[in-house]
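Descriptive structure summary
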Amino acid sequence: MINFFRKIRQSMIKENKASKYMLYAIGEIILVVIGILIALQINNWNENKKIAGQGKFILEKLRFDISLDLKAISTEMEEINNYITELTFCTNTVLGKTDPTREEFKKNLNSLLTIALFDQNRTTFNNIVSSGQIEYIQNQALTDSITQYYNYDYKSWDSALRDYTRNIIAPFMLNFDHIPQPNVREKEYDDFVEIDISQSKIKPKTVEDYRNEIFILNILRQKIYNLQGQNKEYRNLKKYMIQLRNMIDKELDKTN
């Protein structure tokens, strides 16, 4: 009988030990799983932090490019306004509303053969699109706005102005009169040599000659119209630039 109870006791001890080992093994497995989950969480956190840092760097570069675009388009708009003012002066002269000297008229007429064009700085945008880094910008609405800016179709008036000036105005002026010298407002023309045309057998046209040529009045009016259309398109684009830069500023503030 004593041996019987002794065997039962030994069996229970073995079962208790097995249970303890099982609990210990389960505990070890739980600790390993928790460790893996923590490691994955830390890895995800580090990866998200890395992506956020790259996104911030990209936005800072885009903001810099857009700021340069703002300065560039403002300069071009100032030039366009100058051209409109000068050509309006010429139009009023041809219509007989003003009576300037020939030199003053021809000086303002320089703008007839001049165009101002704005081009976006697309280097950063093209790079992040081709490399797939645009996905680092985590604000989808901002990403859409940036993409829309760089796909903004603003060049229709540029094309119309360039084609009209090169294909219509320039050929006519080359046949009608001695063409004006390049606009010397810009520094790159400072060292240009001005050719003296006073010895030419064909004398320059007078202001009255311009008044008597209907095509002059028409090309002046059309050029002014194209410049006004271009200026309006640039105003809309500039407004969008300012809005986009403000959106980028707000997004960058979140990361600071």
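All figures in this text were calculated on a predicted structure; none of them were measured in a lab.

Another point: the confidence of the model for the protein chain. It should be kept in mind that the predicted coordinates are not to be read in detail where pLDDT is low. In the predicted model, the protein chain carries a mean pLDDT of 85, and the fraction of residues at 70 or more is 77%. Mean pLDDT across the elements of the protein chain bottoms out in helix α1 (residues 2–94) (76) and peaks in helix α6 (residues 207–211) (96).

Turning to the pattern of salt bridges, a few remarks are in order. In the structure shown here, the tally under the stated rule is six salt bridges. Its salt-bridge partner being K155, residue D119 comes within 2.6 Å of it at the nearest N-O pair. With D119 in the loop between α2 (102–109) and α3 (123–131) and K155 in the loop between α4 (140–150) and α5 (156–176), the pair connects residues that are 36 residues apart, well separated along the chain. Judged by relative accessible area, which is 34%, K155 ranks as partly exposed. For E251, the salt bridge goes to K254, with nearest N and O atoms at 3.5 Å. Of this pair, E251 and K254 both sit in helix α7 (residues 214–255), three residues apart, roughly one helical turn. Assessed through its relative accessible area of 14%, E251 is described here as buried. Sharing partners across several salt bridges, the network here consists of D99, E208 and R211.

What follows concerns α5. The first and last C-alpha atoms of α5 sit 29 Å apart over 21 residues, in line with the 30 Å expected at 1.5 Å per residue. Within α5, the axis deviates most sharply at I169, by approximately 35°, and proline P171 lies no more than four positions further along. D158, L161, Y164, T165, I169, F172, M173 and F176 are the residues of α5 that are buried. Among the structural elements, α2, α6 and α7 are those in contact with the buried residues of α5.

Conventions and cut-offs
Residues numbered from 1 in each chain as written. Predicted model: local features only at pLDDT ≥ 70, side-chain atom pairs only at ≥ 80, totals over all residues. Heavy atoms only, no water. pLDDT = per-residue confidence, 0-100. Helix = DSSP H or I, 4+ residues; strand = E, 2+ residues; numbered from the N terminus. Salt bridge = Lys/Arg side-chain N within 4 Å of Asp/Glu carboxyl O. Buried < 20%, exposed > 50% of the residue type's maximum accessible area, 1.4 Å probe, protein only. Expected span 1.5 Å × (residues − 1). Bend = angle between axes of the 7 residues up to and from the residue. Contact = heavy atoms within 4.5 Å.

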